[in-house]
Amino acid sequence: MGLIRRHKLIRRYTVTDAAVHDSQVLGDILDGSNTACDVWADSAYRSAETEARLADHGMRSRIHRKARRNRPLSQREQQGNKSRSKIRARVEHVFGALTNDMGGTLVRSIGIARAKTRIGLKNMAYNMRRMVYLAGVTGSPTPT
């Protein structure tokens, strides 16, 4: 899911069946027209392939570091993850709203087309709710 960090709006998303890991479709949601070139994600997305793909798209990886067996994270890596978490928390708030306020994450439907429609409508409803909030906070109909 592509998000504007500042406004917490969903800009881009992809729907797959449950057998596909999120990191496999990362390239589908990368937006070259986005003015921010940083990609924030948890450690499940970190791989040499992902890092290379981001570099090819001219984007900077802000993906969490992960520890390996018998090799814990250094103090510097832990501090880096902590600073990355401050930005990622904004994305997690969107997932929390979709999960807690809008019917959860489980999609029960027959066929991927119905699942895409259901998730698309949920994302649109979330964005509409968020726009109403932003208009009230800023006093204008669109976020600045």
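These remarks concern the structure in this document. (Residues numbered from 1 in each chain as written. Predicted model: local features only at pLDDT ≥ 70, side-chain atom pairs only at ≥ 80, totals over all residues. Heavy atoms only, no water.)

## Considerations on unusual backbone geometry
Applicable threshold: Strands are runs of DSSP state E lasting at least two residues, helices are runs of H or I lasting at least four, and both sets are numbered from the N terminus onward.
If you check the backbone angles, asparagine 70 has positive phi at about 65° while not being a glycine. Examined against the element boundaries, asparagine 70 turns out to sit in the loop between β4 (60-63) and α3 (75-101).

## Focus on the pattern of salt bridges
Note the cut-off: Each reported salt bridge corresponds to a side-chain nitrogen of Lys or Arg within 4 Å of a carboxyl oxygen of Asp or Glu. Partly exposed describes any residue whose relative accessible area lies between the buried limit of under 20% and the exposed limit of over 50%, with all areas from a 1.4 Å probe on protein chains only and scaled to the type maximum.
Per the stated rule, a full pass over the model turns up 4 salt bridges. Arginine 71 is the partner of glutamate 77 in a salt bridge, and the nearest nitrogen-oxygen pair spans 3.5 Å. On the basis of relative accessible area, glutamate 77 is assigned to the buried category, the value being 19%.

## Re the environment of methionine 102
To keep things clear, this is the line we draw: Working rule for contacts: check all heavy atoms of both residues, and any pair within 4.5 Å makes them a contact.
Positionally, methionine 102 belongs in the loop between α3 and α4 (112-138). Among all residues touching methionine 102, those that are not within four sequence positions of it are Ala97, Lys122, Ala125, Tyr126 and Arg129.

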